[in-house]
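Next come the chains, spelled out residue by residue.
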Amino acid sequence: MKDLRKQDFSPTLLDFGPVQFYLARHFGFCYGVENAIEISYRALEENPDKRVFLLSQMIHNQEVNNDLQSRGIKFIMDTDGKQFIPWDELKPDDIVIIPAFGTTVEIEHMLLNKGLEVQKYNTTCPFVEKVWNRSEKLGAENHTIIIHGKPNHEETRATFSHSAKSGAAVIVRDMEDAAKLGEYVMGHKSNEEFFEEFAWKHSESFDPTRDLQRVGVVNQTTMLATETQAIADYFKQLMIQQYGAENLKEHFADTRDTLCYATNDNQDSTYQLLETDADLAIVVGGYNSSNTSHIVELCERKFPTYFINSEKEIKSISEIHHFNYHKKEKQVTNNFLPDKRPVRIVLTSGASCPDTLVDRVMLKVMEFYPDAKSVETVLNQVG
Ligand code: SF4
């Protein structure tokens, strides 16, 4: 019997005849992104006579950001924290929107000190706030907070700053970084080496000797679930090795990961896509989007994978321009569609990608198959 409590993550097959698409069960806009977009447009509507600023990009989606800019919103920083508009230019009656990733405690205080109202249009996602609450709890229990995240990502910087408020905190980007930190847990390396290796990734007055005896792990909401699990397991084992299984509770907070529901659903759906017999995968999303890059990473395990931010990257039946996120550069691939029938394509997107963009990619590919069935016919078939 089907277990109704279990969600179905199996893909939908859209069979157009010469070309077939395996669509992920979950993809596209998440709650946090929809909410942030709605609030931003509302801020514009409600304040026609005021200057409206966004702390940084609303979400990692160029189309949405361009549209907001064309309506008059100005970005204060880019996603790496590079300042476009000096803080001094902000006046108390300006509107400042906090993006879905949240912001640091320091920036929030600075804005409040300038007399700016920051709560009215604060779009911080509740799932990000949940991570801050978890960090606070860990800090209050005297655990050092190990944040699995990308050190330059807005969300990780915000989480780091909120964590550092309640306890010692340090960021690890991946398993490799975790293993480096492990060397200090085991006392194999000196404090001087720590400050060099983890510069800018630890809270103020961090003392590696004192602060790595009792730890808990939280993560950026969009990391790869399996990697966060591996990192938490690694520190758990280290603490057992150092202090004995009977003392584990004293040294390691065994909590669940802090990934958000959208990341989990999108990643679970991607695992199901890996079960298909597709010839290639197309993943649509912003090139600086963390959650999209992890979907790409998973698809690459099985398929030639093309990470594109719009249908415009598909130049012709034989040429696609796509982003290599390992090298952080665009590349061109020829003959990306195999010369066979049917061609089977996995198609999915990240949490900051509108569904219409995925539709447009599908329609673009279908242009190359004039004998394909119509969209209406196929949609009627899947009901
Ligand atoms: S990806 Fe998750 S945490 Fe980020 S905005 Fe969407 S729902 Fe919120």
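Here, every reference points to the structure presented above.
Reading the values: the criteria
Residues numbered from 1 in each chain as written. Predicted model: local features only at pLDDT ≥ 70, side-chain atom pairs only at ≥ 80, totals over all residues. Heavy atoms only, no water. Helix = DSSP H or I, 4+ residues; strand = E, 2+ residues; numbered from the N terminus. Buried < 20%, exposed > 50% of the residue type's maximum accessible area, 1.4 Å probe, protein only. Contact = heavy atoms within 4.5 Å. Lys, Arg positive; Asp, Glu negative; His and termini not counted. Charge placed at Lys NZ, Arg CZ, Asp CG, Glu CD. Near = heavy atom within 4 Å. 1 Å grid on protein atoms, 1.4 Å probe; cavity = no way out; pocket = protein on both sides within 12 Å on 5 of 7 lines; lining within 4 Å. Sits in = over half its atoms within 2 Å of the grid points. Nonpolar A, V, L, I, M, F, W, Y, C, P; charged D, E, K, R; others polar. Points joined across faces, edges and corners; volume = space filled by probe spheres on them. Polar contact = N/O pair within 3.5 Å; in protein donor to acceptor, adjacent residues only side chain to side chain. Phe/Tyr/Trp six-rings, centres within 6.5 Å; stacked < 30°, edge-to-face > 60°.

Caption draft 1: How the structure looks around the overall build of the protein chain. When helices and strands are counted, the protein chain shows 14 helices and 14 strands. Taken along the three principal axes of its C-alpha coordinates, the protein chain extends 70 × 60 × 45 Å. Counting every position in the protein chain, which comprises 383 residues, the buried fraction comes to 53%. Across the protein chain, the fraction of contacts at a sequence separation of at least 24, relative to all contacts at a separation of at least 6, is 69%. Side-chain charges of the protein chain comprise 41 positive and 58 negative groups, with the mean position of each set lying 2 Å from the other.

Caption draft 2: Inspection of the site of the ligand at higher detail. For the ligand, the full set of nearby residues is Cys30, Gly32, Cys125, Phe127, Val128, Thr221, Thr222, Cys260 and Tyr261. If you map the ligand onto the pockets, it falls in the largest cavity. Partitioning the shell around the ligand into residue classes produces six nonpolar, three polar and no charged.

Caption draft 3: Highlighting empty space enclosed by the protein. Per the stated rule, a full pass over the model turns up one cavity of 30 Å³ or more. Considering only enclosed or pocket space, the largest cavity measures out at about 300 Å³ in volume. Lining the largest cavity are 25 residues, and of these Cys30, Val33, Phe101, Thr221 and Thr222 sit closest to its centre. Listing elements by their share of the lining of the largest cavity, those giving two or more residues are helix H1 (31-46), helix H4 (126-140), helix H11 (261-273) and helix H12 (290-300).

Caption draft 4: The side chain of Ser349, seen in detail. Residue placement: Ser349 occurs in strand E14 (residues 343-349). A distance of 3.2 Å separates the side chain of Ser349 from the backbone nitrogen of Gly28, its partner in a polar contact. Ser349 has contacts with Phe27, Gly28, Asn266, Val284, Ile295 and Val358, leaving out every residue within four places of it along the chain.

Caption draft 5: Fine view of unusual backbone geometry. For the peptide bond that leads from Arg341 to Pro342, omega is -10°, which places it in the cis range. Along the chain, the position of Pro342 falls in the loop between strand E13 (329-334) and E14. With a phi close to 65°, Asn142 is a non-glycine residue in the positive phi region. Relative to the elements of secondary structure, Asn142 occurs in the loop between H4 and strand E6 (144-148). Assessed through its relative accessible area of 61%, Asn142 is described here as exposed.

Caption draft 6: Representation of the environment of Pro338 within the structure. Within the secondary structure, Pro338 sits in the loop between E13 and E14. Through-space distance from the C-alpha of Pro338 to that of Gly28 is 26 Å; in sequence the pair is 310 residues apart. Apart from residues lying up to four places away in sequence, Pro338 is in contact with Asp279, Leu280 and Val343.

Caption draft 7: The layout of surface pockets, seen in detail. Size it by volume and the largest pocket reaches roughly 630 Å³. As for the largest pocket, its lining consists of 25 residues, of which Lys150, Arg173, Asn288, Ser293 and Lys328 are closest to the centre. Of the residues forming the lining of the largest pocket, the biggest block, four residues, is contributed by H12. Counted by class, the lining of the largest pocket contains five nonpolar, eleven polar and nine charged residues. Quantified by volume, the second largest pocket comes out at close to 300 Å³. Considering the residues around the second largest pocket, the lining is formed by 16 residues, among which Thr103, Thr104, Glu106, Ile107 and Arg157 are closest to the centre. At the level of elements, helix H3 (105-113) and helix H5 (154-166) are the ones that each hand at least two residues to the lining of the second largest pocket. With five residues, H5 is the single largest residue contributor to the lining of the second largest pocket. The class makeup of the residues in the lining of the second largest pocket is six nonpolar, six polar and four charged.

Caption draft 8: Spatial organisation of the side chain of Glu313. You can see Glu313 is positioned in the loop between strand E11 (305-308) and strand E12 (319-324). At 2.9 Å, the side chain of Glu313 and the side chain of Lys330 are in polar contact. Residue contacts for Glu313: discarding those within four places in its chain leaves Tyr287, Ile308, Glu319, Ile320, His321 and Lys330.

Caption draft 9: A look at the packing of aromatic side chains. Under the counting rule described, the total for this entry stands at twelve aromatic pairs. Ring centres 5.2 Å apart and planes at 45° place the aromatic pair Phe127 and Tyr261 in the tilted group. Taken as a pair, Phe127 in helix H4 and Tyr261 in helix H11 lie far apart in primary sequence, 134 residues in all. What makes Phe127 partly exposed here is its relative accessible area of 26%. The exposure class of Tyr261 is partly exposed, given its relative accessible area of 35%. Aromatic side chains Phe194 and Phe195 sit 5.4 Å apart centroid to centroid with 85° between the ring planes, which places their arrangement in the edge-to-face category. For Phe195, a relative accessible area of 34% corresponds to the partly exposed category. Three or more aromatic residues joined by ring pairs make a cluster, and in this case those are Tyr184, Phe194, Phe195, Phe198 and Phe206.

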